[in-house]
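Analysis of the macromolecular model
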Amino acid sequence: MAKKNKKKKNDKELELEMRERAMVEGILEGSPDGVGVVVIRLDCGCRKMAAVSIDGEPASKIIMYRDQAESICDKCKDDQGAFIRVVTQFIHWQDPPPDQTQQEKISLKVLGAAVATTH
């Protein structure tokens, strides 16, 4: 039984990643200057995403969404996804990604010193 529950959880996590990936690809398609997409996951399940340019400047508008929901949650409507509620943040780089030094500069500029991970 435990194995079956674990499989369901893994399937759900994979499904969420696939939807998130689709959003990232859509943002990159609409952002010709984008070299990556900043992904910020909040404790409520909502996400904030935006393309970033090679110099670390915004290359798209910020998009907030929640998987399988018509709109973002009430918390996010009130505080626009406050930094204190961030669970994970990273940059998903477009292929080919910038060199490692440039990735680090962009990450530092966009996410600050508390960078969790880059993908």
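Residues numbered from 1 in each chain as written. Predicted model: local features only at pLDDT ≥ 70, side-chain atom pairs only at ≥ 80, totals over all residues. Heavy atoms only, no water.

Remarks on helix α3 (residues 100-111)
End to end, α3 covers 16 Å across 12 residues, agreeing with the expected 16 Å (1.5 Å per residue, within 8%). The inward-facing, buried residues of α3 abut β1 (34-42), β2 (46-53) and β4 (86-93). If you check the start of α3, you find a side-chain oxygen 3.1 Å away from the backbone N of T101, and it comes from D99. (Helix = DSSP H or I, 4+ residues; strand = E, 2+ residues; numbered from the N terminus. Expected span 1.5 Å × (residues − 1). Contact = heavy atoms within 4.5 Å. Polar contact = N/O pair within 3.5 Å; in protein donor to acceptor, adjacent residues only side chain to side chain.)

Here we look at the confidence of the model for the protein
Mean pLDDT over the protein stands at 86; residues scoring 70 or higher make up 82%. Between the elements of the protein, mean pLDDT differs from a low of 70, seen in helix α1 (residues 2-29), to a high of 96, seen in β2. Overall, residues 115-119 carries pLDDT values under 50, and its contacts beyond four positions in sequence, including any with other chains, amount to 14 contacts. (pLDDT = per-residue confidence, 0-100.)

Side note on the pairing of β1
Along β1, eight of the nine residues are buried, which leaves the element largely enclosed by surrounding structure. When β1 meets β2, the two strands line up antiparallel, connected through seven bridges. Bridge pairing in β2 places G34 opposite S53. Counted between consecutive antiparallel strands, the loop separating β1 from β2 contains three residues, among which G45 sits at a positive phi close to 105 degrees. Direction of pairing for β1 relative to β4: antiparallel, over a ladder of seven bridges. Of the residues in β4, the one forming a bridge with V38 is I91. (Buried < 20%, exposed > 50% of the residue type's maximum accessible area, 1.4 Å probe, protein only. Pairing = 2+ DSSP bridges.)

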